[in-house]
Amino acid sequence: MTITPTDADPPMNDRVLVLFSGGQDSTACLAWALDRYAWVETVGFDYGQRHSVELQARRTLRRSIAAAFPAWRGRLGPDHRINLRSFGAVAASALTEDRAIEMTERGLPSTFVPGRNLVFLVYAAALADRRGLTGLIGGMCETDFSGYPDCRRETLDALQTALNLGMERDFRIETPLMRLTKAQTWGLAKSLGGEALIDLTVRDSHTCYTGERTPHDWGAGCGVCPACDLRARGWREWVAAGRPDRPDEPTP
Ligand code: ZN
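Quick caveat: nothing in here was measured; it's all calculated off a predicted structure. (Residues numbered from 1 in each chain as written. Predicted model: local features only at pLDDT ≥ 70, side-chain atom pairs only at ≥ 80, totals over all residues.)

*Asks:* So what's going on with the overall build of the chain? Residues and values would help.
*Replies:* Tallying secondary structure elements over the chain gives eight helices and seven strands in all. Considering the chain as a whole, with its 252 residues, one finds that 40% of them fall into the buried category. Contacts spanning at least 24 positions in sequence make up 67% of the contacts within the chain whose residues lie at least 6 apart. (Helix = DSSP H or I, 4+ residues; strand = E, 2+ residues; numbered from the N terminus. Buried ≥ 20, exposed ≤ 12 C-beta atoms within 10 Å, placed from the backbone. Contact = placed C-beta atoms within 7 Å.)

Structural data, given as structure tokens:
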């Protein structure tokens, strides 16, 4: 599946790959990328998540975004799925087996999958190399989540250096949500795609750690797991503030 961009293609630095899980954060990242880059491909990882509903949400969201935003439709390139079940088997956690979601003795939630973002980005970079893409865009955030160490910008800077040394490339790992709260991520989505993007994110994205799709004003989910709790609190905070826009900022 190697492609070599031709003269008619967007320049390499305008061609990016979004790590797209089908959740609220990666939906905002996809919109952010479509707003600023000429060619945007998506990648999703199957690492044995307990709920394939997350992977189905990806397909629905891509279709909804293409239908609602004609200006973005022509920029949305193919979707890629990568099977990482062998990694999931090694790194089993509460997301991939039936364990309670709780804090472990290390101070990390049991939903932490060790090294997950590192593995995702190595695979994403290998795919990007073959596809002639230079930006790797992910929804990693160090503001208000559980302190996953592989979401920190310092970790990603080190990985970017390693990828560029190891692949003789000039990849950029871009993290537009790194310094945003969940409420500010809703604002960023609104500033990129208006209430239409908010509506389809609420309707079609899936953040919940369980497979439940019970409807709420902030989206579908069980309503009680840590991911639902965080998403609901961010939504309420954003709504209480009057659903403000969040103008785009230079990304770390
Ligand atoms: Zn939930």
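Having seen it, we continue.
*Asks:* Could you give an account of the sheet that holds strand β5 (residues 172–174), with specific residues and numbers?
*Replies:* Taken in spatial order, the five strands of this open sheet run β3-β2-β1-β4-β5, and their pairing is parallel. Looking at which strands have only one partner, the edges of the open sheet turn out to be β3 (76–83) and β5. Sheet twist, expressed as the average angle between the axes of neighbouring strands with direction ignored, equals 25°. Of the pairings in the sheet, the one linking strand β1 (residues 15–19) to strand β2 (residues 39–46) comprises five bridges and is parallel in character. Among the inter-strand pairings, Arg 15 is bridged to a residue of β2, identified as Trp 39. Across the sheet, helix α2 (residues 53–68) touches β2 and β3, and the angle it forms with β2 is around 165°. Contacts from helix α5 (residues 116–131) reach β1, β2, β3, β4 (135–137) and β5 within the one sheet, and its direction differs from that of β1 by about 150°. (Pairing = 2+ DSSP bridges. Axes fitted to C-alpha atoms, helices over the stretch in contact; angles between N-to-C directions.)

*Asks:* Could you give an account of the environment of Pro 149, naming the residues involved and the relevant values?
*Replies:* Here Pro 149 shows up in the loop between β4 and α6 (153–167). Sequence spacing of Pro 149 and Pro 114 is 35 residues, and the spatial spacing of their C-alpha atoms is 8.9 Å.

*Asks:* Give me the lowdown on the pairing of β2, citing residues and values where you can.
*Replies:* Burial analysis of β2 places seven of its eight residues in the buried class, which makes it a mostly covered element. In this fold, the crossover linking β1 to β2 by way of helix α1 (residues 24–36) has right-handed handedness. Strand direction decides the pairing type here: β2 and β3, joined by six bridges, are parallel. Bridge assignment links Phe 45 to a residue of β3, and that residue is Ile 82. (Right-handed = clockwise from strand over helix to strand, strands pointing away.)

*Asks:* How would you summarise the packing of α1 against helix α7 (residues 182–204) if you had to cite specific residues and measurements?
*Replies:* Contact geometry of α1 with α7 gives a least axis separation of 10 Å together with a crossing angle of 105°. By the criterion of interaxial angle, the relationship of α1 to α7 is roughly perpendicular. Between α1 and α7, the residues in contact are Gln 24, Asp 25, Thr 27, Ala 28, Ala 31, Trp 32 and Asp 35 and Thr 185, Leu 188, Ala 189, Leu 192, Gly 193, Leu 197 and Thr 201, respectively. Split into classes, the residues belonging to the contact of α1 with α7 amount to seven nonpolar, five polar and two charged. (Parallel < 35°, antiparallel > 145°, perpendicular 65-115°, else oblique. Nonpolar A, V, L, I, M, F, W, Y, C, P; charged D, E, K, R; others polar.)

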